[in-house]
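Geometric and topological summary
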Amino acid sequence: MAAADRRLIAGTWKMNGLAGDGLALASELARRAEGRARDLACDLLVCPPATLVREVVVALGGSAIAVGGQDCHAESTGAHTGDVSAEMLADAGCASVIVGHSERRADHGEGDALVRAKAAAAHRAGLVAIVCVGESAAERQAGATLDVVARQLEGSLPAGANAGATVVAYEPVWAIGSGRTPGTDEIAEVHGHILARLGAGFDPGIRVLYGGSVNAKNAAEILAVEGVGGALVGGASLTADDFWAIAESCR
Ligand code: PGA
């Protein structure tokens, strides 16, 4: 990934993709990016399931679309059956890794301290850590959004996190996969709050992505919001047309 002043469109395939469809999608993205990705006003990243990382790296080789992991363990090696380390992802050709996604926090009970250890592991391995934060529906209803996000941010970012090695993704839990998004004024409020916190304790240049039901139709409006440094895209990253339309929404 390039300079922090460019926006980043990151697609996470989550637990989707066998060799057939996953590699067909990667090849189609490589074809579209050929000679053109550098003209886009954003950096591009896809995060396939771990089983496909190496083959997607090969399929996208030289295309200016980077590849990332969806999670990593905090240790670099050891007796951790089923886990993947940041070093393994780097070795397979990844440039970055998502940590602290709300599905990891919910499905695997991951808390801020573990997320911070994973982000530090990413940095140790030379990867960009994409650190996810976001409130639940109940927390938003209780008016606690800004406090929750600030607490997660401070608990999940390693000391010294900087723009070269760190991206934050603001993803309201209730917006993920639901087809619902906050209003643009609400997105602007939370991004402004996150950027202020980053400026006070970390690095004001850290990109803050919005994630949660971003699609080809709403991307331009969301990406135009003050403080939005890109998007983390789930469902809509599974088809080349939609992912590419979102990338082209960066103006
Ligand atoms: P979604 O997922 O785009 O399918 O809502 C976003 C995410 O989980 O990062």
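Reference entry: report on the structure contained in this document. Note that the structure is predicted; figures quoted are calculated from it, not measured.

So, how was this worked out
Residues numbered from 1 in each chain as written. Predicted model: local features only at pLDDT ≥ 70, side-chain atom pairs only at ≥ 80, totals over all residues. Heavy atoms only, no water. Helix = DSSP H or I, 4+ residues; strand = E, 2+ residues; numbered from the N terminus. Buried < 20%, exposed > 50% of the residue type's maximum accessible area, 1.4 Å probe, protein only. Contact = heavy atoms within 4.5 Å. Areas by Shrake-Rupley, 256 points an atom, 1.4 Å probe, with all protein chains shown as cover. Near = heavy atom within 4 Å. Polar contact = N/O pair within 3.5 Å; in protein donor to acceptor, adjacent residues only side chain to side chain. Salt bridge = Lys/Arg side-chain N within 4 Å of Asp/Glu carboxyl O. Pairing = 2+ DSSP bridges. Axes fitted to C-alpha atoms, helices over the stretch in contact; angles between N-to-C directions. Right-handed = clockwise from strand over helix to strand, strands pointing away. Core = buried A, V, L, I, M, F, W, Y, C linked by side-chain atoms within 4.5 Å. Phe/Tyr/Trp six-rings, centres within 6.5 Å; stacked < 30°, edge-to-face > 60°.

1. Examining the overall build of the protein chain
When helices and strands are tallied, the protein chain shows ten helices and eight strands. Overall, the C-alpha framework of the protein chain stretches about 45 × 45 × 30 Å when taken along its three principal axes. Counting across all 251 residues of the protein chain, residues that qualify as buried make up 51%. Long-range contacts, defined as pairs at least 24 residues apart, comprise 74% of the intrachain contacts of the protein chain with a sequence gap of at least 6. Only carbon and sulfur atoms are counted for the fraction: they give 51% of the accessible area of the protein chain, which is about 10,500 Å².

2. Side note on the site of the ligand
If you check the shell around the ligand, you find 13 residues, and the closest are Lys 14, His 101, Glu 171, Gly 177 and Ser 213. The side chain of His 101 places a nitrogen or oxygen atom 2.6 Å from an oxygen atom of the ligand. In the environment of the ligand, an oxygen atom lies 2.5 Å from a nitrogen or oxygen atom belonging to the side chain of Glu 171. Coverage of the ligand by the protein amounts to 95% of the 280 Å² it exposes when considered alone.

3. Focus: the pattern of salt bridges
Under the definition given, this model contains 15 salt bridges. Glu 28 serves as the salt-bridge partner of Arg 32, at 2.8 Å between the closest nitrogen and oxygen. Of this pair, Arg 32 and Glu 28 are both found in helix H1 (residues 19–33), four residues apart, which corresponds to roughly one turn of the helix. Residue Arg 32 is classed as buried on the basis of its relative accessible area of 18%. Notably, a salt bridge pairs Glu 110 with Lys 118, separated by 2.8 Å at the nearest N-O pair. Classification of Lys 118 by relative accessible area gives buried; the value is 5%. Residues joined in a network through salt bridges with shared partners are Glu 28, Arg 31, Arg 32 and Asp 241.

4. Topic: the sheet that holds strand S4 (residues 96–99)
Hydrogen bonding along the main chain pairs the strands of a sheet, whether they run parallel or antiparallel. The strand order around the closed barrel built from eight strands is S1-S2-S3-S4-S5-S6-S7-S8, with neighbouring strands paired in parallel fashion. Each adjacent strand pair in this sheet contributes to an overall mean axis angle of 25°, direction not counted. Both strand S3 (residues 65–69) and S4 contribute to a ladder of two bridges, which runs parallel. Directly across from Gly 68, in S4, lies its bridge partner Ser 96. Across the sheet, helix H7 (residues 145–156) is in contact with strand S5 (128–133) and strand S6 (166–170); its angle to S5 comes to roughly 150°.

5. Thoughts on the pairing of S3
Where a strand is regular, its side chains alternate between the two sheet faces. Across the five residues of S3, five count as buried, placing the element largely inside the fold. Judged by which residues are buried, S3 turns out to be covered on both faces: Ile 65, Val 67 and Gly 69 on one side and Ala 66 and Gly 68 on the other are all buried. One crossover worth recording links strand S2 (residues 42–47) to the parallel S3 by way of helix H2 (residues 53–59), and it is right-handed. As for the winding sense of the linkage, the β-α-β connection from S3 through helix H3 (residues 86–91) to S4 is right-handed.

6. Thoughts on the side chain of His 73
Position of His 73 among the secondary structure elements: in the loop between S3 and H3. A distance of 3.3 Å separates the side chain of His 73 from the side chain of His 80, its partner in a polar contact. Every residue in contact with His 73, bar those within four places of it in the chain, is listed here: His 80, Asp 83, Val 84, Ser 85, Ala 86, Lys 118 and Ala 121.

7. Observations regarding the nonpolar core
Counting residues in hydrophobic clusters, the biggest one holds 65 residues, and the most contacted among them are Ile 9 and Ile 194. Counting residues per element, this core draws most heavily on H1, which supplies six residues. If sequence neighbours within four positions are ignored, Ile 9 has contacts with Cys 42, Asp 43, Leu 44, Leu 45, Leu 223, Gly 230, Ala 231, Val 233, Phe 243, Ile 246, Ala 247 and Cys 250. Ranked by size, the runner-up nonpolar core spans 13 residues in total, among them Cys 47, Ala 66, Ala 169 and Leu 209.

8. A few points about the packing of aromatic side chains
A full pass over the atoms with the stated rule returns one aromatic pair. Ring centres of Tyr 170 and Tyr 210 lie 6.2 Å apart, and the angle between their planes is 65°; on these two criteria the pair is classed as edge-to-face. One end of the pair, Tyr 170, is in strand S6; the other, Tyr 210, is in strand S7 (residues 207–211), and 40 residues separate them in sequence. Of the residues examined, Tyr 170 reaches a relative accessible area of 0% and is grouped as buried.

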